[in-house]
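# Descriptive analysis of the structure
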2 protein chains.
Amino acid sequence: MAIRPAEQLIHKAAWLYYAHGLRQDEVANQLKISRASVAMYLRKARETGIVNISTSTQLFTDDVLARRLEDALKLDAVWIAPENAYVVDPSTDIAVLAASVFLELVKKGDRIGVAWGRTVYTIADIMSFADLQDVTVVQLCGNLGAPYSYRPDQCTMEIARRLNAKGLNFYAPLVLSTEELARALRAEPVIREQLAGISDCNLALFSVGTVDADSHVVKCGALTVSEMEVLRNAGAAGVIAGQIIDAAGEALDCSYNRRVISAELGSLGAIEKRLMVVQEDSKFEPLLAALAGGLCTHLVVGARVAQRLLDHAGAVTKKAS
Amino acid sequence: MAIRPAEQLIHKAAWLYYAHGLRQDEVANQLKISRASVAMYLRKARETGIVNISTSTQLFTDDVLARRLEDALKLDAVWIAPENAYVVDPSTDIAVLAASVFLELVKKGDRIGVAWGRTVYTIADIMSFADLQDVTVVQLCGNLGAPYSYRPDQCTMEIARRLNAKGLNFYAPLVLSTEELARALRAEPVIREQLAGISDCNLALFSVGTVDADSHVVKCGALTVSEMEVLRNAGAAGVIAGQIIDAAGEALDCSYNRRVISAELGSLGAIEKRLMVVQEDSKFEPLLAALAGGLCTHLVVGARVAQRLLDHAGAVTKKAS
DNA sequence: CACGGCTCTCGACAAAAGTCAAACCGAGCG
DNA sequence: CGCTCGGTTTGACTTTTGTCGAGAGCCGTG
């Protein structure tokens, strides 16, 4: 019985333990193995998503602030991660919440578009495993040539792995040197199909990037600091799935955007549920831009940003009236 | 801090413990309460469905037998509870599986029709709690006048309670003494609406009853042993939601059926997912009848019954060819 | 205002679960 | 044939968790 105790035994152990509520030693007896092995199987079962432990994220929607934001911003749902006393690690807390929310949104048979960035990768990294069936995770934008710690394909693959889903990668650079080349590449059947398939997604996960020297598109070498500055002066307000957007949330009319291989904002907008996650307070302006463009339907933010958003929305309304 | 530690604290504790993976004493520190309280909150969190622990039921669909049955019977999904060595309690095992399957099928916003019987009640009884939102559980058939251990309204309410859903009961007797009265009652607005609302359900849970002296409709006094015998001779093959069906799965043309207040088989059939659970081996014939009528789309049975079903289906096919 | 009744809370103990190094076992290989 | 290697399994040990009865704060009531 040394061969492949795997799946079958893990399943049985998980079943007896979690569904029937037996103790580990009882399970061990039933299965005629030692209790230590049972403990180990159960860990594997949790790690592979054979058992799902999920906490309701209702607490974070119940928040009055969240409700008001939903109304003010016309979003389907908002979750607010508290940033006070009882939080363990403020920086990952938003990601933990986002991961839970994400898992709650995913259903069997879904097709999920995933962008990239530190936030998305953090979420992928802490997300628990789940044993979904028939799920496809597609990469929303081209890859980075340079080695970078959280590449688009890594984000996609990691999330696919966690969901036990199929990962569809995108084998094209994020940004090319000339517009012609970008056009030509977009016309390639492999790429074209992938791009066309994006609007078939019913769930998207992404964050928004800043347009300063700290922006991930700068750090990864897609743009230089000075190029970015030029773009900023030209109206750049944020980065979504590798593309520059202006304050209205529209794709900025610039050479860089035309050289990018990524999901069109239009096809992104066709996706039913679009979950945007913003971790840093410094992303406030980009976030406003993304919201202005109606780029997301579901939002996860920290309490401080949430408050600023509400203040801002209130101010705008007041000014308008 | 002695007042209403409730919801809020429970949520926080559950969040820190399950989502962040802190230890109970760490949670206790964070929340400035004793570890014992944390343990107690966590239990409550589990009991109320604030955290969900669910085991994948894939093991039971992966079974080759299940797959073959799905094909042979043209069902959407079949789960087979093993009835051998490693099972704890053969009689409840099917119910435990059914409960898991049921919870896996329920989604936010669903409207669920629930019939009654020992099987359904057992499922309700062992089903873990879940914190669904916007879910409505409706009773599929009239109530029993006589006190009986598992009444239709109990089944409905218990399941509603477990799901934290709204329960819609049916305040009419299951069976009346005359056809006229039944007709009149069905025409009553309250009742008519409820009956009409049944086809709006997207999930149904029921079992099938036998047509012998042990049948629950006999035990609850809706029919006498001799009446049942007459019906059996007239072609009765099973009981679904309080109604008698023949071997083809059609409602039997008899006075009893006309005196019953219950979901029409037609509106039942309009429900997208219809989960039928059969615990006892003795329900084989009624099960065949229900299957013949295409009354269910999802099936949970024990291994022995499953095998007999497959043999039977094979024999029929062979005979036909 | 003293009295149960109520719920929440805590400390201490017992039970259960997690962990780790060592043993084991078959497979492949020199 | 005897070796190592990767994996599983185990017993023994430690840590974590569940539980229980007692105590503390907070009512409404007599």
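Please refer to the structure placed before this passage.
Residues numbered from 1 in each chain as written. Chains lettered and ligands numbered in written order. Predicted model: local features only at pLDDT ≥ 70, side-chain atom pairs only at ≥ 80, totals over all residues. Heavy atoms only, no water.

Helices and strands together make up the secondary structure of chain A, namely 16 helices and 10 strands. Relative to its length of 321 residues, chain A is compact, with a C-alpha radius of gyration of 22 Å against a globular reference of 20 Å. Taken along its principal axes, the extent of the C-alpha atoms in chain A is 70 × 50 × 30 Å. Residues classed as buried in chain A amount to 55% of the 321 residues present. Across chain A, contacts joining residues at least 24 apart in sequence account for 70% of those joining residues at least 6 apart. Approximately 13900 Å² of chain A is accessible, and the part contributed by carbon and sulfur atoms is 51%. The distance from the centre of the 33 positive side-chain charges to the centre of the 37 negative ones in chain A is 5 Å. (Helix = DSSP H or I, 4+ residues; strand = E, 2+ residues; numbered from the N terminus. Rg over C-alpha atoms; globule rule 2.2 N^0.38 Å. Buried < 20%, exposed > 50% of the residue type's maximum accessible area, 1.4 Å probe, protein only. Contact = heavy atoms within 4.5 Å. Areas by Shrake-Rupley, 256 points an atom, 1.4 Å probe, with all protein chains shown as cover. Lys, Arg positive; Asp, Glu negative; His and termini not counted. Charge placed at Lys NZ, Arg CZ, Asp CG, Glu CD.)

Right, let's get into the packing of aromatic side chains. Residues and elements named next belong to chain A. Applying the stated criterion across every chain yields a total of 2 aromatic pairs over all chains. Taking the centre distance of 4.8 Å and the plane angle of 90 degrees together, the rings of Tyr 17 and Tyr 18 count as edge-to-face. The residue whose ring lies beneath Arg 308 is Phe 284, and the NZ or CZ to ring-centre distance is 4.0 Å. (Phe/Tyr/Trp six-rings, centres within 6.5 Å; stacked < 30°, edge-to-face > 60°. Lys NZ or Arg CZ within 6 Å of the ring centre and 35° of its normal.)

This brings us to the protein's contact with DNA strand C. Near DNA strand C there are 16 residues, and of these Tyr17(A), Arg23(A), Gln24(A), Ser34(B) and Tyr41(B) occur at the shortest range. Sugar and phosphate atoms form 71% of the subset of DNA strand C atoms that lie within 4 Å of the protein. One of the side-chain N or O atoms of Arg35(A) is found 2.8 Å from a base oxygen in DNA strand C. At the level of secondary structure, the elements contributing two or more residues to the surface near DNA strand C comprise α3 (35-48) of chain A together with α3 (35-48) of chain B. (Near = heavy atom within 4 Å. Polar contact = N/O pair within 3.5 Å; in protein donor to acceptor, adjacent residues only side chain to side chain.)

Quick look at the packing of helix α2 (residues 24-31) of chain A against α3(A) now. All names here are of chain A. Their axes nearest at 8 Å, the elements α2 and α3 cross at an angle of 105 degrees. Between α2 and α3, the angle is such that the two are roughly perpendicular. Residue-level contacts link Gln 24, Asp 25, Val 27 and Ala 28 of α2 to Arg 35, Val 38, Ala 39 and Leu 42 of α3. For the contact of α2 with α3, the class distribution of residues is 5 nonpolar, 1 polar and 2 charged. (Axes fitted to C-alpha atoms, helices over the stretch in contact; angles between N-to-C directions. Parallel < 35°, antiparallel > 145°, perpendicular 65-115°, else oblique. Nonpolar A, V, L, I, M, F, W, Y, C, P; charged D, E, K, R; others polar.)

To summarise the sheet geometry, strands pair through backbone hydrogen bonds and adopt either a parallel or an antiparallel arrangement. Residues and elements named next belong to chain A. Read from one edge of the open sheet, 7 strands run β2-β10-β9-β6-β3-β4-β5, paired in parallel fashion. The strands lining the two open edges of the sheet, one partner per strand, are β2 (77-81) and β5 (166-168). Across the sheet, the mean angle separating the axes of adjacent strands is 20 degrees when strand polarity is ignored. Bridge analysis of strand β4 (residues 136-139) against β5 gives 3 bridges, and the strand direction is parallel. Residue Val 137 lies in a different strand from β5, and its bridge partner there is Gly 167. The strands touched by helix α5 (residues 64-73) are β2 and β10 (298-302); relative to β2, the strand with the most contacts, the crossing angle is about 140 degrees. (Pairing = 2+ DSSP bridges.)

Here we come to the protein's contact with DNA strand D. Lining the immediate surroundings of DNA strand D are 17 residues, of which Ser34(A), Tyr41(A), Arg23(B), Gln24(B) and Arg35(B) lie closest. Here DNA strand D approaches the protein such that, of its atoms within 4 Å, sugar and phosphate make up 63%. Here a base nitrogen of DNA strand D and a side-chain polar atom of Arg35(B) are 2.8 Å apart. Elements with a minimum of two residues in the surface near DNA strand D: α3 of chain A together with α3 of chain B.

Residue and element names in this part refer to chain B. The strand order across the open sheet built from 7 strands is β2-β10-β9-β6-β3-β4-β5, with neighbouring strands paired in parallel fashion. Where the open sheet ends on each side, the last strands, each with one partner, are β2 (77-81) and β5 (166-168). Between one strand axis and the next, the sheet turns by 20 degrees as a mean value, whatever way the strands run. Across 4 bridges, the pairing between strand β6 (residues 203-206) and strand β9 (residues 273-278) is parallel. Across the sheet, residue Phe 206 finds its bridge partner in β9, namely Met 276. Packing of helix α5 (residues 64-73) onto the sheet brings it into contact with β2 and β10 (298-302), and relative to β2 it is tilted by some 140 degrees. Packing against the sheet, helix α8 (residues 152-163) makes contact with β3 (111-114), β4 (136-139), β5 and β6, and its axis sits at approximately 175 degrees to β4.

Our focus in this paragraph is the state of the cysteines. Residues and elements named next belong to chain A. In total, this model carries 0 disulfides over all chains according to the counting rule given. Of the cysteine sulfurs around Cys 201, a residue in no disulfide, the closest is that of Cys 141, at 12 Å. With relative accessibility at 4%, the residue Cys 201 sits in the buried group. (Disulfide = S-S within 2.5 Å.)

Turning next to the relation of the copies chain B and chain A. Under the fitted operation, chain B is carried onto chain A by 0.1 Å of movement along the axis and a turn of 180 degrees, and the coordinates agree to an RMSD of 0.1 Å. Here the transformation between the copies is reduced to the relation of a two-fold axis. No C-alpha of chain B lies nearer the rotation axis than that of Ile53(B), which sits 2.2 Å from it. Comparing contact sets, 100% of the residues at the interface of chain B also lie at the interface in chain A, consistent with an isologous, same-surface contact. (Least-squares fit on C-alpha atoms with pLDDT ≥ 70 in both.)

Residues and elements named next belong to chain A. Even without being a glycine, Ala 241 presents a positive backbone phi close to 45 degrees. Relative to the assigned elements, Ala 241 resides in the loop between β7 (236-240) and β8 (243-246). Judged by its relative accessible area of 5%, Ala 241 falls in the buried class.

Here we take up the side chain of Ser267(A). Residue and element names in this part refer to chain A. Of note, Ser 267 is situated in helix α14 (residues 265-269). Of the residues examined, Ser 267 reaches a relative accessible area of 14% and is grouped as buried. Those residues in contact with Ser 267 that lie beyond four places of it in its chain are Ile 198 and Ser 199.

Next up on the list: the environment of Thr61(B). Here Thr61(B) lies in helix α4 (residues 58-62). Discounting chain neighbours no more than four positions away, the residues touching Thr61(B) are Ala66(B), Arg67(B), Glu70(B), Val78(B) and Trp79(B).

All names here are of chain B. In a regular helix each residue adds 1.5 Å, so 14 residues correspond to 20 Å; α3 covers 20 Å between its end C-alpha atoms and thus fits that length. Those residues of α3 not exposed but buried are Val 38, Tyr 41, Leu 42 and Ala 45. End-on, the buried residues of α3 take up no more than an arc of 100 degrees, which puts them together on one face. Following α3 by one or two positions, Gly 49 has its phi on the positive side, about 85 degrees. (Expected span 1.5 Å × (residues − 1). Arc of directions from axis to C-beta.)

Pairing analysis gives 3 bridges linking β3(B) to β6(B), with the strands arranged parallel. Bridge pairing links Gly113(B) to Ala204(B) in β6(B).

Reports often express the size of an interface as the amount of accessible area lost when the parts come together. At the interface, 35 residues of chain B touch 35 residues of chain A. The junction of chain B with chain A conceals about 3100 Å² of combined surface from both sides, 66% of it contributed by carbon and sulfur atoms. The tally of links from chain B across to chain A stands at 2 salt bridges. Across the pair Lys108(A) and Glu104(B) runs a salt bridge whose closest N-O atoms are separated by 3.9 Å. Inspection of the region where chain B meets chain A yields 5 residue pairs in polar contact (both at pLDDT 80 or more). Elements with a contribution of two residues or more to the side of chain B that touches chain A: α1 (6-19), α2 (24-31), β1 (51-55), α4 and α6 (90-105) of chain B. By residue number, the principal contributor to the side of chain B that touches chain A is α1(B), which donates 8 residues. Here the side of chain B that touches chain A is built from residues that sort into 18 nonpolar, 11 polar and 6 charged. (Buried area = accessible area lost by both parts, 1.4 Å probe. Salt bridge = Lys/Arg side-chain N within 4 Å of Asp/Glu carboxyl O.)

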